[in-house]
Amino acid sequence: MPELTYRNALRAALTEEMARDESVVLLGEDIGVYGGTHLITQGLLDRFGAKRVIDTPIAEGGFTGAAIGMAMLGLRPVVEMMTWNFSFLASDQIIQNAAKLRYFSGGQVGVPIVIRGPNGGGVQLSAQHTHSLENLYGHFPGLKVVSPVTPYDVKGMMLTAIRDPDPVIFLEAGALYGTKGEVPEEEYTVPFGKARVAREGKDVTLISYGRQVNLLLRVAERLATEEDVQAEVIDLRSIRPFDEETIVASVKKTNRAVAVQEQWRFFGVASEVAAVIQERAFDYLDAPVERVSGAEVPAPYARNLEEAAFPSEQQVIDAAHRVLYREG
Amino acid sequence: MATSAARAAERGAAGSGEIPAETQLRIYETMVLARRLSERLLQLQRAGIVPLAVPCDGHEAIQVGSALAMPRERTIVYPYYRSLAAVLAYGMTPLDLVLGFYAKRDDPSTGGHQMPGHYSRRDLNIVTTSSVVGTQLVHAAGAAYAAKVRKSGQVAITYIGEGGTSEGDFHEALNFAAIHKLPVLFVVENNQYAISVPLTKQMAVANVADRAAAYGMPGVIVDGNDAEACYLATRDAVARALAGDGPTLLEAKTYRLAPHTSDDDDRGYRPLEEIAMWRRERDPVPRFAATLEARGLLDEAGTAAIAARVRAAIDDATARAEASPDPDPADIHIPVFSTPEVPGRTQ
Ligand SMILES: Cc1ncc(C[n+]2csc(CCOP(=O)(O)OP(=O)(O)O)c2C)c(N)n1
Ligand SMILES: [Mg+2]
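This write-up is about the structure you can find in this document. Everything quoted here is computed from the prediction, not taken from an experiment.

1. What about the site of ligand 1?
Around ligand 1 there are 21 residues in total, and Val133(B), Gly161(B), Gly163(B), Gly164(B) and Ala194(B) lie nearest to it. Neighbouring residues of ligand 1 are not confined to one chain but are distributed across chains A and B. Within the shell around ligand 1, the residues separate by chemical class into nine nonpolar, six polar and six charged.

Right under this line is the structure:
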């Protein structure tokens, strides 16, 4: 199977869908001649023209709202947020409009829109460019929220997103655009609402999504080689719909779980994971579910502070030791 | 329908009058300092020593000209990320700025918390702004409102690029400021590009200043590469503000001579010949030097002395920043809240 970067897998998905479906249009800042500040849309202006690849003014609320209007009238817009952090300016359009129009119109109006862009931290840009917004957007009924980490999933889930009749919040792992993985040449889709077992194990379940999945895989490798502990790693992939079954099945096997997120502890995705486990696998647990989260600060800029603000391998290993009663 | 002459009158003429010789020289030296520091920071980034540089090259005339025309003690400044030259003119030192680009503990703007280019020094009334473009304009309007209510005699000035004026905050700030006749200047540095996006894709009007009429304030256009014109236009707008006549929108037509930031490759979206032409024919720094020479205020020896002082100041700032300590991760929670308590359980 050919290897593609996360970036190129994403571009391949956009290109294939635009070629297949004329109603797909792209909007965003610097996505035309520039090819996007992360080069996701490179070459698409030349191939599909300025009517379908629209460089917008710097007005996130405005162009997201315009895209919602386009979606109501038969187009399938894919909106690029230069970073998800700028979506706060469009959050009224996303939350108050896109998420509610189908319901509030009694099913008459759908909004088949995809909003995509880099999410999360790790590239030293500090808090206003670093938020990880899974829990925020995952909170609102009417939005589908996904956070793929592999090039395979990013392509397959983007096809699913564009074809979905409802608004999709597509949160890309911005720090991983250059990472490679196998991506088939033939068309395939990856469904929403299905978590992925990224590594099988029997001793403890480690759960996350997005960039942190790679951290968990490194931790699992260390636990295996250094301590002969077999960790199972679950990549949620999709935050809404949320795959409870895969989590519950794994915890029934391992009896121990650590949920990891880049966001802050309070009201985060890891809290949701912990709640689902205690609701549905309480009798199987041998230890309280642990959460590992970001430090309770706006993500700082200086490299050493930024590193201290995000979950580390050691924090996850310590949490795994706690649920395994292997402390000290 | 208004004729263009009437529209120009509505807009208000760009300023007139004389500038003291000493001030002219100060403008020039600050412009040179800004240019050389901006160049040095980009070099340091290219050498892998600092993570990011945000050049101001080409914007020195409007930034320094406007800053030195403000009544310093009474001015509240809301800069933007390209305001390197402006904040030097408002009193920040090269060391203050370099510490920020090195993300050091003693960086006065942010202590390594925020990205560099988000300048702040409370004692100079330079107020930090957001990375999210446009928000500083509404803050400046609010600060001007506070100044008015408290009868502090202060005036606010804020800066933004032409691209940023597409955000709602620009319109909301101007509207609010005009309704309340606030003492505030909105300076738009129109360099014709917002990263790669040219003016024609940003707005359908030829001038940002044309919009001022819609809010009920003068919109003044100035040659942003003419330091003297920038100074005089600002001085007039300040006089209006302090007389209680309300805000002014000042549009400076200029050009960015460097990439957007060190992350940008500008060769793909601007003709090389366009950049070369602006550098050759309209660069505000040599242009102002020529003006001062023609007036007999500057000669070869004077230029060399300024260049030497500037180089020494930048070398010193760089050496001291390099040797200064990084932030301490043990203090990571300070100052999220006014009291250094961590909410909830720590990990
Ligand atoms: C709300 C928001 N959207 C997008 C960006 C990304 N961004 C940063 S600077 C910039 C271009 C701004 O151009 P302009 O206002 O013309 O100022 P210039 O950089 O040319 O001085 C963009 C799009 C941002 N920081 N904030
Ligand atoms: Mg600009």
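Additional details are given in the paragraphs that follow.
2. As for the sheet that holds strand β13 (residues 257–264) of chain A
Residues and elements named next belong to chain A. Spatially, five strands are ordered β9-β11-β10-β13-β14 in an open sheet, and the strand pairing comes out mixed. With partners counted over all chains shown, the strands left at the sheet margins are β9 (196–199) and β14 (290–294), one partner each. Direction aside, the axes of adjacent strands within the sheet are offset by 25° on average. Note that strand β10 (residues 204–208) and β13 share three bridges and pair parallel. Bridge pairing in β13 links Thr 205 to Ala 257. Along the sheet, helix α10 (residues 269–280) makes contact with β10, β13 and β14, crossing β13 at roughly 155°.

3. Re the interface of chain A and chain B
Taken together, the contacts link 31 residues of chain A with 34 residues of chain B. The element best represented in the side of chain A that touches chain B is helix α11 (residues 303–309) of chain A, accounting for four residues.

4. With respect to the nonpolar core
With 106 residues, the main nonpolar core has Leu206(A), Val258(A), Val316(A) and Ala320(A) as its most contacted residues. Residue-level mapping places this core at the junction of two domains, with at least three residues from each of domain 1 (3–182) and domain 2 (196–323) of chain A. In this view, Leu206(A) contacts Leu216(A), Val219(A), Ala220(A), Ala231(A), Val233(A), Val258(A), Val260(A) and Val316(A); residues no more than four positions away in its chain are not counted. Counting 105 residues, the second-largest nonpolar core is a separate cluster that includes Leu88(B), Ala103(B), Val138(B) and Cys230(B).

5. Focus: the pairing of strand β7 (residues 248–253) of chain B
Residue and element names in this part refer to chain B. The buried fraction of β7 is high, at six of six residues. Burial along β7 is two-sided: the face carrying Thr 248, Leu 250 and Ala 252 and the face carrying Leu 249, Glu 251 and Lys 253 are both buried. As paired elements, strand β3 (residues 184–190) and β7 share six bridges and run parallel to each other. Note that in β7 the partner of Asn 190 across the bridge is Lys 253.

Calculation criteria
- Residues numbered from 1 in each chain as written.
- Chains lettered and ligands numbered in written order.
- Predicted model: local features only at pLDDT ≥ 70, side-chain atom pairs only at ≥ 80, totals over all residues.
- Near = placed C-beta within 6 Å.
- Nonpolar A, V, L, I, M, F, W, Y, C, P; charged D, E, K, R; others polar.
- Pairing = 2+ DSSP bridges.
- Helix = DSSP H or I, 4+ residues; strand = E, 2+ residues; numbered from the N terminus.
- Axes fitted to C-alpha atoms, helices over the stretch in contact; angles between N-to-C directions.
- Contact = placed C-beta atoms within 7 Å.
- Core = buried A, V, L, I, M, F, W, Y, C linked by C-beta atoms within 7 Å.
- Buried ≥ 20, exposed ≤ 12 C-beta atoms within 10 Å, placed from the backbone.
- Domains from an automatic or database assignment.

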